[in-house]
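The residues making up each chain are set out below.
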2 protein chains.
Amino acid sequence: MDRRSFLKTAGLGTGAAAATSLATPALSQNRIQITCVTSWPKNFPGIGEAPERFATLIEGATDGRITMKVYGGGELVPPLKCNDAVQEGTAQMYHSADYYYQGKLTGYSFFCAVPFGFMPAEIDAWIQKGGGQELWDEVGGQFGIKHLPGGNSGSQMGGWFNKKMQTVDDFKGLKMRIPGFGGDVITALGGTSVTLAGSEILPALQSGTIDATEWVGPWNDLAFGLYKVAKNYHYPGFHEPGSLLSFGISRPFWDGLSESDQTLMTAIAYAVNNETLSSYNTNNGQALKTLVNDHGVELVEFSDDIYREFGKAAKDVLDKAGNSDPLTKKVYEAFLDFRAKAIDWTKISDQSYANKRALTPFV
Amino acid sequence: MDRRSFLKTAGLGTGAAAATSLATPALSQNRIQITCVTSWPKNFPGIGEAPERFATLIEGATDGRITMKVYGGGELVPPLKCNDAVQEGTAQMYHSADYYYQGKLTGYSFFCAVPFGFMPAEIDAWIQKGGGQELWDEVGGQFGIKHLPGGNSGSQMGGWFNKKMQTVDDFKGLKMRIPGFGGDVITALGGTSVTLAGSEILPALQSGTIDATEWVGPWNDLAFGLYKVAKNYHYPGFHEPGSLLSFGISRPFWDGLSESDQTLMTAIAYAVNNETLSSYNTNNGQALKTLVNDHGVELVEFSDDIYREFGKAAKDVLDKAGNSDPLTKKVYEAFLDFRAKAIDWTKISDQSYANKRALTPFV
């Protein structure tokens, strides 16, 4: 999904609302008000619900001692300026996807999603128990930011295509709306990656300005209405196999919190992280049924040959990106090391079980 | 894993320690002390760490206002009497695996693990967003217990076998230590399911009293030393594809908590839930490498034919169990309904991606 271009259409609010909020006097030393900027339209399903859920939980768990006001993308700062806003002190916190900030440091992408990267449980393991958190904080530290996991939008679909993609040659000349490293892979296969604002996608697909677009998964895609134009819904997406969302917290603000409030915020971030993925998995299952049964959508699996070419191109793209600077290189090497072990374990556990389960009469 | 028999070897402590704890006077109306009994040896890797982590987080997040004392299995009550202990008011809370309580209500098993049941992300989705929590509370309600998710030990391995299992006939006459519904499946294939205390497993495997045993996964199995006797490590396990652990909380205790403390405890349970699975995935990846590279363990994948027979037998076992009583029937039907949608989504997301990723040069 290129939430970027979608969000560019959201208007920029004035700073008025925030100024009011920030000016509200604290009632006691322990009372804390958090301003949280986000990259999403207010209450956007899944991703936009995660920061609201954090707000509800922190306010609920502290009986209102800590409150958090969530701003939709563009209300206080532009959707893709969340990291800057927290670095500069406009807000204490953001909820976003850290690959939006690869312009600040390429290595940021590895903490969200890269082509052929981690699946949701794998990135959770890396961040929480495999050394990922420490590296994420080192990257964030360059910008005065402490990070916590903020949900996962799950495995993404490969996208909506005007025709079925049958061989790798079908990508030659293909105009596809797909951002970042994923777009670089499409370019390497002879296609063109296009950036379009969200509101422009449907008409562009209709008029043939683009031949294909990726978005998120069944739940968000059904709401977006892409099935009305393209019927070939390809899977699996190679570009975002499990996008981790991020809470970015101002380091000076974080360091000023009591140890107990730091513990509380960490626990709540983990809870939101868990719950957001569960929302995606639950709603994707239901939406998939609706798309296929009610809207005549055809599910098309990318062939093994196409996937091998995706993989070759992705390796080149990541090898280049992963060596952009010393800190990114450190992150990339840790990513590759954990990824190899994660793949070995996934292969003989979830992956093998899912494949065998599909063979039984009990599915 | 049959943690049951393993835990029977743990001695029963006197109630002295708990009595002391329960007798400590509360310093103010808001100070809360929780006694938590568990089914695990103190600090047993993974499963035994989860309740300790809950204690650390709740104590940390409340700056010591809420404290929790965790008892290992047998210290205060027998390992498999946790549910009774909370029902009877001996403890306010337990951490256990709810299939241990299928004797109280068969339907309890569906909230932990059943053969060919949910993978970890699937059961999280069901519990958190798909109506599972409400049913779990209805089941717990029969015994005065409120439930919260308490971690997942991840996909389990198929077990350690003296010889490679090549056809379904190899199960005829096989003596395998495997509990519950999984054991019923082995019996249906002509084998014998055996129950043994943990300390007896290694000698029994060595002497030929049993031919095979399942335990958990690479991390716990490496520590247990089963590779010293049997070298054929089979996968994937059909019997526990993602065992959800459970916090069981006394309903009167829960109802007496403030709404904010209920919110706090829920968030912390979710955090522990997320983190425990990450521990298993991280450590299983590392342990798998050690087992194969340093201990000459051979990984053997069950054949498709064997799996089809597992599936047939499991369906019979579950159909029978799932109709034991009206409440269990209600749970079983909800389980089957969510499972069908979950499988459809898993197939085209994580499962398909994992399979395609394995084909690329980038693994």
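A brief look at the structure comes next. The residue numbering used here restarts from 1 in each chain and proceeds along that chain's sequence as written. Chain letters and ligand numbers both follow the written order, the letters beginning at A and the numbers at 1. In keeping with the model being predicted, local features are shown solely for residues with a pLDDT of at least 70 and side-chain atom pairs are shown and tallied solely at 80 or more, while totals for entire chains, interfaces and linings include all residues. Excluding hydrogens and water, the side-chain figures rest on all heavy atoms present in the structure.

Attention shifts here to the interface of chain A and chain B. The partner chain B presents 79 residues to the 79 residues of chain A that form the contact. Buried area between chain A and chain B, summed over both chains or domains, comes out near 7200 Å², and the portion from carbon and sulfur atoms is 65%. When residues of chain A are sorted by the area they lose upon contact with chain B, Trp345(A), Tyr353(A) and Phe362(A) head the list and together hold 13% of the total. Each reported salt bridge corresponds to a side-chain nitrogen of Lys or Arg within 4 Å of a carboxyl oxygen of Asp or Glu. A salt bridge links Glu275(A) to Lys129(B); the shortest N-O distance between them is 3.0 Å. Between N or O atoms, a polar contact is any pair within 3.5 Å; within protein, one atom must be a potential hydrogen donor and the other a potential acceptor, and residues adjacent in sequence are included only when both atoms are from side chains. Summed over the shared surface of chain A and chain B, the result is 37 residue pairs in polar contact (both at pLDDT 80 or more). Under the scheme used here, helices are H or I runs from DSSP no shorter than 4 residues and strands are E runs no shorter than 2 residues, and both carry numbers assigned from the N terminus. Breaking the side of chain A that touches chain B down by element, the ones donating at least two residues are α3 (49–61), α5 (120–129), α11 (259–295), β11 (298–301), α12 (304–321) and α13 (326–359) of chain A. Contacts: residue pairs with any heavy atoms within 4.5 Å of one another. By buried area we mean how much accessible surface two parts lose on assembly, using a 1.4 Å probe and totalling the loss over both.

Bringing unusual backbone geometry into the picture now. Residue Tyr235(A) is joined to Pro236(A) through a cis peptide bond whose omega torsion reads -10°. Mapped onto the secondary structure, Pro236(A) falls in the loop between β9 (232–235) and β10 (244–250). In this structure, Phe116(A) is a non-glycine residue whose phi angle is positive, near 60°. For Phe116(A), a relative accessible area of 0% translates into the label buried. The residue Asn43(B) is not glycine, and still its phi comes out positive at about 60°. As for its placement among the helices and strands, Asn43(B) is situated in the loop between β1 (32–38) and α3 (49–61). Buried residues are those whose accessible area, probed at 1.4 Å on protein chains only, stays under 20% of the maximum for their type, while exposed residues exceed 50% and partly exposed ones sit between those limits.

Neighbouring strands of a sheet are bound in pairs by backbone hydrogen bonds; such pairs are parallel or else antiparallel. Residues and elements named next belong to chain B. Strand order in this open sheet of 6 strands is β7-β6-β8-β5-β9-β11, and the pairing throughout is mixed. Two strands in the sheet have a free side with no partner beyond their single neighbour: β7 (192–194) and β11 (298–301). When strand β5 (residues 159–161) meets strand β9 (residues 232–235), the two strands line up antiparallel, connected through 3 bridges. Each bridged residue has a counterpart across the sheet, and for Phe 161 the counterpart in β9 is Asn 232. By this definition, two strands are paired if DSSP reports at least two bridges between them.

Turning our eyes to something else, we now look at the pairing of β9(B). Residues and elements named next belong to chain B. By the alternation rule, side chains of β9 split into Asn 232 and His 234 and Tyr 233 and Tyr 235, which are all buried. Relative to β11, β9 is paired through 4 bridges, and the arrangement is parallel. What sits directly across from Tyr 233, in β11, is Leu 299.

Looking at the secondary structure, you find Ser250(B) in strand β10 (residues 244–250). Setting aside residues up to four positions removed in sequence, Ser250(B) forms contacts with Val86(B), Gln92(B) and Gly144(B).

For the rest of this paragraph, the subject is the pairing of strand β4 (residues 145–152) of chain B. One face of the sheet, then the other: side chains in a regular strand alternate in exactly this way. All names here are of chain B. Within β4, 8 of the 8 residues are buried, which leaves the element mostly enclosed by the surrounding structure. Inspection of the sheet shows β4 paired to β10 by 6 bridges, in the antiparallel sense. Note that in β10 the partner of Lys 146 across the bridge is Ile 249.

A word on the relation of the copies chain A and chain B. Superposition of the copies used a least-squares fit over C-alpha atoms from residues whose pLDDT is at least 70 in both. With an RMSD of 0.0 Å, the fit of chain A onto chain B corresponds to turning through 180° and sliding 0.0 Å along the axis. The two molecules are tied by a two-fold rotation axis, judged by turn and shift. If distances are taken from each C-alpha of chain A to the rotation axis, the shortest is found for Ala271(A), at 2.3 Å.

What follows concerns α3(A). Residue and element names in this part refer to chain A. To estimate the expected span of a helix, subtract one from its residue number and multiply by 1.5 Å. Helix length check: α3 (13 residues) gives 18 Å between terminal C-alpha atoms against 18 Å at 1.5 Å per residue, within 8%. Considered for burial, the residues of α3 that qualify are Ala 50, Pro 51, Glu 52, Phe 54, Ala 55, Leu 57, Ile 58 and Ala 61. Remark: Asp 63 follows α3 within two positions and exhibits a positive phi of approximately 55°.

All right, on to the packing of helix α7 (residues 180–188) of chain B against helix α12 (residues 304–321) of chain B then. Residue and element names in this part refer to chain B. Closest axis-to-axis distance for the α7/α12 pair is 9 Å, and the angle between their directions is 125°. Judged by the inter-axis angle, α7 sits oblique to α12. For the pair α7 and α12, the sense of crossing is right-handed. Contacts between α7 and α12 involve Phe 181, Asp 184, Val 185, Ile 186 and Ala 188 from the first element and Phe 310, Ala 313, Ala 314, Val 317, Leu 318 and Ala 321 from the second. Ten residues, namely Ala, Val, Leu, Ile, Met, Phe, Trp, Tyr, Cys and Pro, are considered nonpolar, four, namely Asp, Glu, Lys and Arg, are considered charged, and the remaining ones, Gly among them, are considered polar. Looking at side-chain class alone, the contact of α7 with α12 contains 10 nonpolar, no polar and 1 charged residues. Fitted lines through C-alpha atoms give the axes, limited to the stretch in contact for helices. The angle between two N-to-C directions lies from 0 to 180 degrees. Angle categories are assigned with fixed cut-offs, so that under 35 degrees is roughly parallel, over 145 is roughly antiparallel, 65 to 115 is roughly perpendicular, and the rest are oblique. In this scheme the crossing of two helices becomes right-handed for a clockwise turn of the near helix relative to the far one and left-handed for an anticlockwise turn of less than a right angle.

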